[in-house]
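Structural overview for review
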Amino acid sequence: MEPPNGARECRLTGTGISEGVAMGRVALLHRDPKASVPFYFVLESDVAAEQLRIADAVRAAAEQLDALIAVVTERIGPAQANIFVAQKMMILDEVLAEQMRVIIAERLVNAETAAASALDAYESLLADLDSEYLRERASDIGEIRRRLLDLLNRTREDHAPSAPAASPALSGACVLVAEELTPGETVSLDTSRTVAFITERGGPASHAAILARALGIPAVSGVRNILSHFAHGDEVLVNGATGEIVVSPAPATLRLYPAAKRPVSRRLQAVAPVENLTVMANISLCSELNFVNTVRAEGVGLYRTEFELLAAGRMLSEDEQYQRYATVVKGMEGKPVFFRLFDLGSDKSAPFLEIPAEENPCLGYRGARLLLGRTDWLITQARALARAAAHGAIHVIYPMISDLDQFLKLRELFRQHTQDIAMHDIRHGVMLEVPSACLAAREILETADFASIGSNDLVQYLFAIDRNNELVSTDYRPDRPVFWRVLRLVMDAAAETGKPVSLCGEMGGQPQHIPKLLELGVTTVSVNPRFVGLARVTARRAAGPRASSPQP
Ligand code: PEP
Ligand code: MG
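Described below are features of the structure shown in this document. (Residues numbered from 1 in each chain as written. Chains lettered and ligands numbered in written order. Predicted model: local features only at pLDDT ≥ 70, side-chain atom pairs only at ≥ 80, totals over all residues. Heavy atoms only, no water.)

**Overview of the pairing of strand E12 (residues 337-340)**
- Both faces of E12 are covered, namely the face carrying Val337 and Phe339 and the face carrying Phe338 and Arg340.
- The pairing of strand E11 (residues 300-304) with E12 spans three bridges and is parallel. Paired with Tyr303 across the two strands is Phe339, which belongs to E12.
- Bridge analysis of E12 against strand E13 (residues 394-398) gives three bridges, and the strand direction is parallel. Paired with Arg340 across the bridge in E13 is Ile397. (Buried < 20%, exposed > 50% of the residue type's maximum accessible area, 1.4 Å probe, protein only. Helix = DSSP H or I, 4+ residues; strand = E, 2+ residues; numbered from the N terminus. Pairing = 2+ DSSP bridges.)

**Some points on helix H18 (residues 455-462)**
- Of all the eight residues making up H18, seven are buried; the element is thus mostly covered by neighbouring parts of the structure.
- For H18, the set of buried residues is Ser455, Asn456, Asp457, Leu458, Val459, Gln460 and Tyr461.
- Considering only its buried residues, H18 is in contact with E11, helix H16 (435-439), strand E15 (450-453), helix H19 (481-497) and strand E16 (501-503).
- In the stretch just after H18, Ala464 is the one whose phi turns positive, near 50°. (Contact = heavy atoms within 4.5 Å.)

**Points about unusual backbone geometry**
- Unusually for a residue other than glycine, Leu108 sits at a positive phi of about 55°.
- Looking at the element boundaries, Leu108 is found in the loop between helix H3 (94-107) and helix H4 (111-127).
- Judged by its relative accessible area of 24%, Leu108 falls in the partly exposed class.

**Overview of the packing of helix H14 (residues 375-388) against helix H15 (residues 404-416)**
- Look at H14 against H15: their axes get within 9 Å of each other, and the N-to-C directions meet at 55°. Classed by the angle they form, the pair H14 and H15 counts as oblique. Here H14 runs over H15; the crossing is right-handed. Contacts between H14 and H15 involve Thr375, Leu378, Ala382 and Leu385 on the former and, on the latter, Leu410, Leu413 and Phe414.
- Here the contact of H14 with H15 is built from residues that sort into six nonpolar, one polar and no charged. (Axes fitted to C-alpha atoms, helices over the stretch in contact; angles between N-to-C directions. Parallel < 35°, antiparallel > 145°, perpendicular 65-115°, else oblique. Left-handed = near helix turned anticlockwise from the far one by under 90°. Nonpolar A, V, L, I, M, F, W, Y, C, P; charged D, E, K, R; others polar.)

Quick look at the structure:
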């Protein structure tokens, strides 16, 4: 069936870089690729003046970045503000300044040409590197270049603004479409109107992706020739989990996503807790806490702490970690918080930490194995967590555990290196996401304080199916008898040992799976904050008409 305006539905697929579903009208962000950099030769007597123009622009850019750092720290959090701290360091880099000065003096060219040529060389150096992380940083250089050229432009008499030209304003929700979004553009998005974005460049590790996740905006990247697929004002549906984009969606498609068309404010409306399912929230950054409280989650069931490192682009000190963890414990005001120890490696790669390159990282040096190899990281994190526990009870989840022995070794290291910190209420539990650990669930639960089922990885490892590969995504689904058999085994072990077991994979927020999870005895899930309400409504429906009405 065709939508009323007669446009035909058309589908595109990219890479989902920030989960969630949203719908709005396309706002195209054009950048004039031919926007020329003013070029002219200067007299030897003008060299010093041109060099001074560069120095002034660099100083002004650093001031602009200081203001941006303050806004981002306040609006999103210190980890994201670090992106702009790094940009400021690049802009103030003495080597770069010297290169620009030399270009002016040796080639006798103007300041704009010197700035563009020094930064272009730097950008293409990064863009050619093997490391995805460093390639992604090339977009920061692009942003610095634009900022400097804009400032230099303003000091010229024939000044004309060089900001990217957004399409004419649209009313209502809009989906921003651009070849690339820089970090500065991403944090400046008005999230009450921009409900999603689609880009050609910028993978899951890009700063734009990290910021989109922190802001809670669905996003898809990797769409080739992006500007040829959309017209300004097109209606478009974006699924940031699957990477699917539907232009001019037909009514039948829209019926599959009932929440997508709701205004942003209503989508985030809290649903009161229900009796038959405790619903907590998964977070990646401490700055998501407001969101967790807005949707009235009954705790943080999974804090993916490694994302704090990915956002900062470096390992954090004990104090820096403590600040973030304490913020979450205090902010949850007595509700449970489950901190997952750094689950690094494979799909959560952190190139800046120099984890060795591997043929098969999915089965390699990751999760628990990496923590056993890098006990310095484990110890620093353990100490930060033990200090944060002074503000309220904490749960520590050990990731990618494959047998009891691994858990015991890691827990022993945790305890041994936090002995000098006053002992507070710290519970130690296991992430059940590797099939061998699920098969040993009873043995593990006899020792551990709790477990949490990581269904995302459990499906991947049980069926040998990559969770991130578009080519095989139709085979990546938990709803198969073997999966339910494994879950039954785990829930039986929970009942026999009397230890709490929750589920923190994506399926906990998916209506099609919730009734079956309830039947199996799962009474606690932890989901993306956006799906807390949906999980509750589904659980209440599954309990039938006689289920008690929600608490106020
Ligand atoms: C999981 O594997 O189910 C999980 C919750 O952790 P992550 O998605 O971070 O691997
Ligand atoms: Mg996992």
